[in-house]
Amino acid sequence: MHKSRKKWKIFLAVTLLAVVCVAGAELAVCRAADPVLYRQITEPVIQTAQAAARTAAWAGQAAWDTVSAAGLRLWTETRQAAARGAEALKQKLEEWTAPPPEPQPEELVDVSALSQPDAPLPGDLLDPAISELVWREETEYLTGGGIDVVYYNQTDEAWANQAYGSDPIGTHACGPTAMAMAVDSLLGETANPVEMARLCVKKGYWCKNQGSYLTMVPGVAQAYGLACTSLDPATLDEDALFASLMDGDIVVALMGQGHFTKGGHFILLRGVTLEGQILVADPASRDRSLVAWDLSLIVEELSANRSSGSPLWLLSRPQESEFEGADLE
């Protein structure tokens with residue numbers, strides 16, 4: 001039985017081969033003897049084969065287009081998902097690595113030039129023999145105190161529109177302006193409001209839209225090597241204060257609502273008159289800088305804030321052997 005099947009398969013293969021060979025031979029003879037008949041016989045076969053080839057090519061292209069579109073869509077979705085993941089990771093890393101926010105003091109210094117007081121000056125402008133504003137070598141000075149104080153006004157055109165962080169010096173930088181006056185007067189440095197504002201931003205004393213953190217005063221004093229001592233208004237020694245001012249020291253005062261501001265404002269106490277009144281340097285007003293002030297009124301209007309040594313800081317020159325230049329790093 002097995003041998004019969006094998007013989008049958010051999011017979012079938014030989015027969016098929018013979019048919020192919022005979023057909024091929026006949027077609028070859030036909031092509032030479034009767035080309036017209038040859039074309040009539042082969043043309044349908046050729047057309048059918050070409051149509052099949054075109055169909056296969058179209059099907060292949062359609063399949064490729066489908067696969068390409070799906071691949072492009074998958075790649076796009078993968079890229080978008082990766083971008084979202086990267087952004088989320090970036091935000092998390094920023095949250096994890098961000099330094100803790102500085103504790104906000106009870107009160108920030110308000111924008112001085114926009115919160116001018118309604119209270120009138122407590123007296124007339126001083127006689128120039130007691131105190132006046134003078135220019136020396138392109139620098140403005142207030143005379144008459146323990147030392148002549150370099151005077152800067154934050155609203156002056158030279159720097160009013162310069163930057164204190166993202167705020168203007170003219171409206172937000174009474175603190176840096178007051179510290180620039182103190183540093184220049186005590187040390188003979190040249191730290192105008194623009195330079196002092198940059199330092200305060202670098203050191204982290206600027207508070208956006210609010211003015212300055214109160215850490216600015218001891219921080220800037222330390223940067224320049226100035227001695228800085230906090231004075232408690234409740235136990236203020238009037239005689240000791242007068243002696244310090246007459247000796248050329250300067251007091252930074254944080255004022256609250258009253259004759260100097262509607263909010264908070266830095267000024268300098270720079271000297272004492274023969275009648276025992278206080279001379280000031282107000283970085284937002286030349287007129288207020290040329291009026292004598294009763295110490296009791298100043299103490300009454302001091303800010304109620306008691307953080308970072310406020311509201312009174314006594315600044316003194318360092319001993320010459322101790323001062324080796326400002327530490328601005």
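What you see is a predicted model, and the numbers here were worked out from it, not measured in a lab.

Engineer: Got a minute to help me understand the sheet that holds strand β9 (residues 250-255) in this structure?
Structural biologist: Sheet strands associate in pairs through backbone hydrogen bonding, adopting either a parallel or an antiparallel arrangement. Read across the sheet, five strands follow the order β8-β12-β9-β10-β11 without closing on themselves; strand pairing throughout is antiparallel. Edge positions in the open sheet fall to β8 (227-231) and β11 (278-281), since each of these has one partner strand only. With strand direction ignored, the average angle separating the axes of adjacent strands in the sheet is 30 degrees. Pairing analysis gives four bridges linking β9 to strand β12 (residues 312-316), with the strands arranged antiparallel. When the bridges of β12 are listed, V252 appears paired with W313. Strand contacts of helix α7 (residues 238-246): β8, β9, β10 (265-272), β11 and β12, with the helix running at about 85 degrees to β10, the strand carrying the most contacts.

Engineer: Sorry if this is basic, but what is going on with the sheet that holds strand β3 (residues 149-150) here?
Structural biologist: What the three strands build is an open sheet, ordered β1-β2-β3; its pairing is antiparallel. The open sheet has two edge strands with one neighbour each: β1 (133-136) and β3. Taken together, the two bridges between strand β2 (residues 139-142) and β3 define a ladder with antiparallel strand orientation. Paired with Y141 across the two strands is V150, which belongs to β3.

Engineer: Teacher, can you tell me more about the pattern of salt bridges here?
Structural biologist: Any two side chains of opposite charge can pair, on the condition that their charged atoms come close. If you walk through the whole model with that rule in mind, you get four salt bridges. Two residues, R136 and D148, come together in a salt bridge whose shortest N-O distance is 3.0 Å. With a gap of 12 residues between them, R136 in strand β1 and D148 in the loop between β2 and β3 connect regions that are remote in the sequence. Classification of R136 by relative accessible area gives partly exposed; the value is 38%. Ionic pairing is found between D156 and R286, a salt bridge with its closest N-O pair at 2.8 Å. Taken together, the positions of D156 in the loop between β3 and β4 (163-164) and R286 in helix α8 (residues 286-289) put the pair 130 residues apart, joining distant regions of the chain. Judged by relative accessible area, D156 falls into the partly exposed class, the value being 21%. For R286, a relative accessible area of 26% translates into the label partly exposed. Taken together, the shared-partner salt bridges in this structure form one network comprising E140, D156 and R286.

Engineer: What should I look at first to understand the pairing of β12 in this one?
Structural biologist: Working note: regular strand, side chains alternate between the two faces of the sheet. Taken across its five residues, β12 has five buried, putting it largely inside the fold. With burial as the criterion, each face of β12 is covered, one bearing L312, L314 and S316 and the other bearing W313 and L315. Pairing of β8 with β12 involves five bridges; the strand directions are antiparallel. When the sheet's bridge partners are listed, A227 is paired in β12 with S316.

Engineer: Explain unusual backbone geometry to me, please; I cannot follow it from the model alone.
Structural biologist: Phi is mostly negative for residues that are not glycine, and the peptide bonds are mostly trans. Here the residue pair S310 and P311 is connected by a cis peptide bond, since its omega of 15 degrees sits within 30 degrees of zero. As for its position among the elements, P311 is in the loop between α9 (295-300) and β12. At N209, a residue that is not glycine, the phi angle is positive and equals roughly 65 degrees. On the secondary structure map, N209 appears in the loop between β6 (206-207) and β7 (211-212). For N209, a relative accessible area of 47% gives the class partly exposed.

Engineer: Is there a simple way to explain the packing of helix α4 (residues 174-187) against helix α5 (residues 193-203) in this structure?
Structural biologist: Axes are the key here: two packed helices are described by the angle between their axes and the distance separating the axes. Direction vectors running N to C along α4 and α5 enclose 115 degrees, while the axes themselves pass 8 Å from each other. The pairing of α4 with α5 is recorded here as roughly perpendicular in orientation. For the element pair α4 and α5, the recorded crossing hand is right-handed. In contact with P176, T177, M179, A180 and V183 of α4, α5 contributes P193, M196, A197 and C200. Residue composition of the contact of α4 with α5, by class: eight nonpolar, one polar and no charged.

Engineer: Whenever I open this one, the environment of R198 confuses me. Can you help?
Structural biologist: Assignment of secondary structure puts R198 in helix α5. Remark: the alpha-carbon pair of R198 and A163, spanning 35 residues in sequence, is separated by 8.2 Å.

Engineer: Would you take a moment to explain the packing of aromatic side chains for this structure?
Structural biologist: Between two aromatic rings, the relevant description is the distance of the centres plus the angle of the planes. Across all of its chains, the model carries three aromatic pairs by this definition. Residues F260 and W293 carry aromatic rings whose centres are separated by 4.3 Å and whose planes lie at 35 degrees to one another, so their mutual orientation is tilted. Here the residue F260 occupies a position in the loop between β9 and β10, and W293 occupies one in the loop between α8 and α9, the gap between them amounting to 33 residues. For the pair formed by F260 and W293, the shared burial category is buried. Of note, R136 hangs over the ring of Y141, and the distance from its end group to the ring centre comes to 5.0 Å.

Quick notes on the rules
- Residues numbered from 1 in each chain as written.
- Predicted model: local features only at pLDDT ≥ 70, side-chain atom pairs only at ≥ 80, totals over all residues.
- Heavy atoms only, no water.
- Pairing = 2+ DSSP bridges.
- Helix = DSSP H or I, 4+ residues; strand = E, 2+ residues; numbered from the N terminus.
- Axes fitted to C-alpha atoms, helices over the stretch in contact; angles between N-to-C directions.
- Contact = heavy atoms within 4.5 Å.
- Salt bridge = Lys/Arg side-chain N within 4 Å of Asp/Glu carboxyl O.
- Buried < 20%, exposed > 50% of the residue type's maximum accessible area, 1.4 Å probe, protein only.
- Parallel < 35°, antiparallel > 145°, perpendicular 65-115°, else oblique.
- Left-handed = near helix turned anticlockwise from the far one by under 90°.
- Nonpolar A, V, L, I, M, F, W, Y, C, P; charged D, E, K, R; others polar.
- Phe/Tyr/Trp six-rings, centres within 6.5 Å; stacked < 30°, edge-to-face > 60°.
- Lys NZ or Arg CZ within 6 Å of the ring centre and 35° of its normal.

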